[in-house]
Amino acid sequence: MSIENLKKQIKQNYLKNKDFFNEVCLDIFINPELGLKEILASGLFCEILSDRGFKVQKGIEEFDTAFIAECNLGKGPTIAFIAEYDSLPELGHACGHNIIGTSSVAAAIILKELMETEGLEGTIKVIGTPAEENLGAKANLIEYGIFKDIDYAMMLHPADASMYQDISFACTHLEYNFKGAPAHSAAAPWKGKSALNGIIQLFNASNAMRLHLKDHCRLHGIITEGGTVDNIIPEKATAVFNIRALDLNYLNEMVQMMEECALGAAQITGTTVEIKQVGNLYKEVKNSKKLEDIFKENFDFIGEKTIERNLTQGIGSTDMGNVTQELEAIHAYIKLDDNAITHTKEFAELCGSEKGLIALEKATLVLAMSGLDLILD
């Protein structure tokens, strides 16, 4: 059978399972779970993959909601479809992880069925990666060697346009804990050292620092603790900053600049500061050019219009960036709606709508067809 006919068969295989995959996607959508608590989603995916003939490992090290599903069909490349399935606080699936997870699982199942029917060889895996939003567990899974024997890894993210390229920020979250000395703020304020003043000066210093930052980087923070009552000089105060840059080297420079700001803020307020990283560091995406070309061909094959990624579009961060720096991998985008903006209530509504299910189908087809191209390569 020609490769064109094989891809047509992939679509037929999907259409036979379309109602089932839609139901799975919507089930996860209406039951959003935060990172590391994705019990329903990970359990559902594991059950489905096991029923479809995959060997499933539930739980990886300390991550109970991570999983590996594998089907070895002989010699050939090992291809991993990356599933995400955590949601956002209050907003639910406002980043489309119900679509990401379901499309990766569906693509693996559809491709496996075709390979078995046609006698094609290779290994198909689904890597279930929890807590993309609040931890970046892919970084841990890399450390544990989960991606060691994988030749190619891929996933598609809902967006406002279909794109086979990506640009993302390297990103880290840092917590600044200031400690001062308490005192009655009316009776003896001169005896106190305000930790909150330390935090305020850190914000002032970081805002002044922005003038000297390179283009296309981000620095934003919140105060998570600033005192308990207004008549006591705050002994403790905490802020968390999100620091982003287009590459890891400049991110590290920004981290050092922020450390100097924090130390200066502590010095002028008579306080002390401790700095710690929260969660994992997210590296910038470095897509495989080979996979970008394959994705572009398959977007064209299904008739999906694509645009090139550029710096005028919204840029975020993903722990898939860490994966792309370890092996040939790709983080690309499937169109959800022209006006789709991630991490909003409106985006969440789209991910549970008919447009979300259309994106699910297109994402599954591109993933499965790209996997086929790699098997036949």
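The structure we're discussing is the one just above.
A few points on the structure.

The rules behind these values
Residues numbered from 1 in each chain as written. Predicted model: local features only at pLDDT ≥ 70, side-chain atom pairs only at ≥ 80, totals over all residues. Heavy atoms only, no water. Helix = DSSP H or I, 4+ residues; strand = E, 2+ residues; numbered from the N terminus. Buried < 20%, exposed > 50% of the residue type's maximum accessible area, 1.4 Å probe, protein only. Contact = heavy atoms within 4.5 Å. Phe/Tyr/Trp six-rings, centres within 6.5 Å; stacked < 30°, edge-to-face > 60°. Lys NZ or Arg CZ within 6 Å of the ring centre and 35° of its normal. Pairing = 2+ DSSP bridges. Expected span 1.5 Å × (residues − 1). Polar contact = N/O pair within 3.5 Å; in protein donor to acceptor, adjacent residues only side chain to side chain. Core = buried A, V, L, I, M, F, W, Y, C linked by side-chain atoms within 4.5 Å. Axes fitted to C-alpha atoms, helices over the stretch in contact; angles between N-to-C directions.

Moving on: the overall build of the protein. When helices and strands are counted, the protein shows ten helices and ten strands. With the C-alpha coordinates aligned to their principal axes, the bounding extent of the protein is approximately 85 × 40 × 40 Å. Here the protein, with 377 residues, has 55% of them falling under the buried criterion. Taking the contacts inside the protein whose residues are at least 6 apart along the sequence as the reference set, 80% of them involve residues at least 24 apart.

Moving on to the packing of aromatic side chains. The geometry of two aromatic rings is summed up by the distance between their centres and the angle between their planes. The final tally for this structure, using the stated rule, is six aromatic pairs. Ring geometry for phenylalanine 45 versus tyrosine 85: centroids 5.9 Å apart, planes at 65°, classification edge-to-face. With phenylalanine 45 in helix α2 (residues 39–51) and tyrosine 85 in the loop between β3 (78–83) and α3 (97–118), this pair connects stretches of sequence that are 40 residues apart. Overall, the relative accessible area of 0% leaves tyrosine 85 in the buried class. Over the face of the ring belonging to phenylalanine 301 we find lysine 7, whose NZ or CZ atom lies 5.6 Å from the ring centre.

Here five bridges tie strand β1 (residues 55–60) to strand β2 (residues 63–72), and the two strands are oriented antiparallel to one another. Bridge pairing in β2 places valine 56 opposite alanine 69. The hairpin turn running from β1 into β2, its antiparallel successor, is two residues long, and glutamate 61 in that turn takes a positive phi close to 50°.

Here helix α6 (residues 248–269) spans 32 Å end to end across 22 residues, near enough to the 32 Å set by a 1.5 Å rise per residue. Buried positions along α6 lie against β6 (170–179), α5 (195–209), β7 (217–225), β8 (236–245) and β9 (272–282). Sitting at the amino-terminal end of α6 is aspartate 247, which places a side-chain oxygen 3.1 Å from the backbone nitrogen of asparagine 249. Downstream of α6 by one or two residues, glycine 270 has phi in the positive range, about 70°.

A few words on the nonpolar core. The biggest cluster of nonpolar side chains holds 62 residues, and the ones touching the most others in it are Phe81 and Phe295. Here the element with the most residues in this core is helix α10 (residues 354–376); it accounts for twelve residues. Setting aside residues no more than four positions away along its own chain, phenylalanine 295 makes contact with Met154, Met155, Leu156, Tyr164, Ile330, Ala332, Val366, Leu367 and Ser370. Counting residues in hydrophobic clusters, the runner-up holds 26 residues, among them Ala170, Leu213, Ala237 and Ile243.

Of note, histidine 331 is situated in strand β10 (residues 328–335). Note on histidine 331: relative accessible area 2%, which makes it buried. Looking at histidine 331, its side chain comes within polar contact range of the side chain of aspartate 166, at 2.8 Å. Residues in contact with histidine 331, not counting those within four places in the same chain, are Met155, His157, Gln165, Asp166, Val285, Asn287, Thr318 and Met320.

As a further point, take the environment of glycine 198. Mapping glycine 198 onto the fold places it in helix α5. A relative accessible area of 0% means that glycine 198 is categorised as buried. Expressed as a C-alpha distance, the spacing of glycine 198 and lysine 283, which sit 85 residues apart in the sequence, is 30 Å. Those residues in contact with glycine 198, other than ones at most four positions away along the chain, are Phe178, Ala265, Thr269 and Thr271.

Take the environment of lysine 138 next. Looking at the secondary structure, you find lysine 138 in helix α4 (residues 137–143). Residue classification places lysine 138 among the buried positions, given a relative accessible area of 0%. In this structure the C-alpha to C-alpha distance between lysine 138 and phenylalanine 81, which are 57 residues apart in sequence, comes to 13 Å. Once residues lying within four places of it in the same chain are set aside, the contact partners of lysine 138 are Ile82, Glu84, Thr129, Glu132, Phe147, Asp319, Met320 and Val323.

Here the focus is unusual backbone geometry. Phi at leucine 36 is positive, roughly 75°, even though this residue is not glycine. Here leucine 36 falls in the partly exposed class, since its relative accessible area comes to 43%. Backbone geometry at alanine 131 places phi at a positive 55°, although glycine is not the residue there. With a relative accessible area of 0%, alanine 131 lands in the buried category.

Moving on: the environment of glycine 352. Tracing the chain through its elements places glycine 352 in the loop between α9 (345–351) and α10. Along the primary structure glycine 352 and glutamate 253 are separated by 99 residues, whereas in three dimensions their C-alpha atoms are 40 Å apart.

Spatially, β1-β2-β4-β3-β5-β10 is the arrangement adopted by the six strands of the open sheet, whose pairing is mixed. Looking at the sheet topology across the chains shown, the edges are occupied by β1 and β10. Taken pair by pair, the neighbouring strands of this sheet meet at an average axis angle of 20°, ignoring direction. Across the sheet, helix α7 (residues 289–301) touches β5 (152–159) and β10, and the angle it forms with β10 is around 30°.

None of this, on its own, says anything about what the molecule does.
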